[in-house]
Amino acid sequence: MDNKEIISDWFEKYGNDIYHFLIYRIGPVDAEDLLQEVFIKALRGFNSYQEKSNPKTWLFSIARNVAVDEIRKRKVRKWMSHIPLEKTNEPETTISPQSILDHEEEHQTIYRAIKQLKSNYQDVIILRGIKELSIAETADVLKWSKSKVRSTQHRAIIALHEALRRCYYNE
């Protein structure tokens, strides 16, 4: 099998999981484009892939980096939009949980609560709780120790409960 066939196979196996990770991490607006970017980067970087790790965790690592880059780009665009002389003609994109799951109120509330968490907590909640990666797989994706994953997950769950409480009482 050549590299393209392997990546294509991985897309079939893991594409949906990576897509959902990106939706939770950056929202639905650019998730499909970023999913393509993940697999393009995987194809380009295939020679650096070490078969020591699971392909799924390797792809999640790429997806996490792509999401972080996108968040940085959005911050720059948002900042630039506040500079009167440098005003762009691009419409601002609003990420709305309503557009993701407009008929599932509970999922919307969970999505909003996750978005309130700090970045590391979001990653752990999505990878462990939503995508159901093991502690070892999550540690591989985040390049953390297993104990850091456990402790961060514990703190993230507490923070998520607090965020959910705020969401339910502020609605």
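Below is a short write-up of the structure. (Residues numbered from 1 in each chain as written. Predicted model: local features only at pLDDT ≥ 70, side-chain atom pairs only at ≥ 80, totals over all residues. Heavy atoms only, no water.)

1. Regarding the overall build of the chain
Along the chain, the regular secondary structure elements total eight helices and zero strands. Put simply, the chain runs from its N terminus to its C terminus through helices and strands in the order α-α-α-α-α-α-α-α. Within the chain, buried positions represent 39% of all 171 residues. Carbon and sulfur atoms form 50% of the exposed surface of the chain, whose accessible area is close to 10600 Å². (Helix = DSSP H or I, 4+ residues; strand = E, 2+ residues; numbered from the N terminus. Buried < 20%, exposed > 50% of the residue type's maximum accessible area, 1.4 Å probe, protein only. Areas by Shrake-Rupley, 256 points an atom, 1.4 Å probe, with all protein chains shown as cover.)

2. What to know about the packing of aromatic side chains
Here the structure, examined in full by the defined rule, presents eight aromatic pairs. Seen from their ring centres, Trp-10 and Tyr-49 are 5.2 Å apart, and the 75° between their planes marks the pair as edge-to-face. Of the two residues, Trp-10 sits in helix H1 (residues 3-26) while Tyr-49 sits in the loop between helix H2 (31-44) and helix H3 (55-81), which places them 39 residues apart along the sequence. Note on Trp-10 and Trp-58: the rings are 6.0 Å apart at their centroids and 75° apart in plane angle, and the pair reads as edge-to-face. Pair noted here: Trp-10 is in helix H1 and Trp-58 is in helix H3, with a separation of 48 residues, a long-range link. No difference in accessibility class separates Trp-10 from Trp-58, as the two residues are buried. Through a chain of ring-to-ring contacts, three or more aromatic side chains come together here, namely Trp-10, Phe-46, Tyr-49 and Trp-58. Cation over ring: Lys-118 sits above Tyr-121, and NZ or CZ is 4.8 Å from the ring centre. A cation over an aromatic ring shows up here: Lys-148 above the ring of Trp-144, its NZ or CZ 4.5 Å from the ring centre. (Phe/Tyr/Trp six-rings, centres within 6.5 Å; stacked < 30°, edge-to-face > 60°. Lys NZ or Arg CZ within 6 Å of the ring centre and 35° of its normal.)

3. Some words on the nonpolar core
Note that soluble globular proteins tend to have their nonpolar side chains buried in a common cluster. By size, the foremost hydrophobic cluster in this structure holds 46 residues, and its most contacted members are Trp-10, Ile-18, Leu-22, Val-38, Phe-39 and Leu-59. Contributions of two or more residues to this core are made by H1, H2, H3, helix H5 (105-116), helix H6 (119-130), helix H7 (135-142) and helix H8 (146-170). Ranked by residue count, the leading element in this core is H1, at 10 residues. Here this core gathers at least three residues from each of two domains, domain 1 (1-99) and domain 2 (102-171). (Core = buried A, V, L, I, M, F, W, Y, C linked by side-chain atoms within 4.5 Å. Domains from an automatic or database assignment.)

4. Section: the environment of Ala-67
As for its placement among the helices and strands, Ala-67 is situated in helix H3. Of the residues examined, Ala-67 reaches a relative accessible area of 0% and is grouped as buried. Residues Ala-67 and Leu-35, 32 residues apart in the sequence, show an inter-C-alpha distance of 9.7 Å. For Ala-67, the contacting residues outside a window of four places in its chain are Leu-22, Arg-25 and Ile-26. (Contact = heavy atoms within 4.5 Å.)

5. Side note on the packing of H1 against H6
Running from N to C, H1 and H6 cross one another at 150°; their axes reach a closest spacing of 10 Å. Between H1 and H6, the angle falls in the class roughly antiparallel. Along this stretch, H1 crosses H6, giving a crossing that reads as right-handed. Note on element contacts: H6 touches H1 through Ser-119, Gln-122, Asp-123, Ile-126, Leu-127 and Ile-130, opposite Phe-21, Tyr-24 and Arg-25. Of the residues contributing to the contact of H1 with H6, the split by class is five nonpolar, two polar and two charged. (Axes fitted to C-alpha atoms, helices over the stretch in contact; angles between N-to-C directions. Parallel < 35°, antiparallel > 145°, perpendicular 65-115°, else oblique. Left-handed = near helix turned anticlockwise from the far one by under 90°. Nonpolar A, V, L, I, M, F, W, Y, C, P; charged D, E, K, R; others polar.)

6. Focus on H6
The end-to-end C-alpha distance of H6 is 15 Å, a good match for the 16 Å that 12 residues give at a rise of 1.5 Å each. Every buried residue of H6 is accounted for by Tyr-121, Gln-122, Asp-123, Val-124, Ile-125, Ile-126 and Leu-127. (Expected span 1.5 Å × (residues − 1).)

Read these as geometric descriptors, not functional statements.
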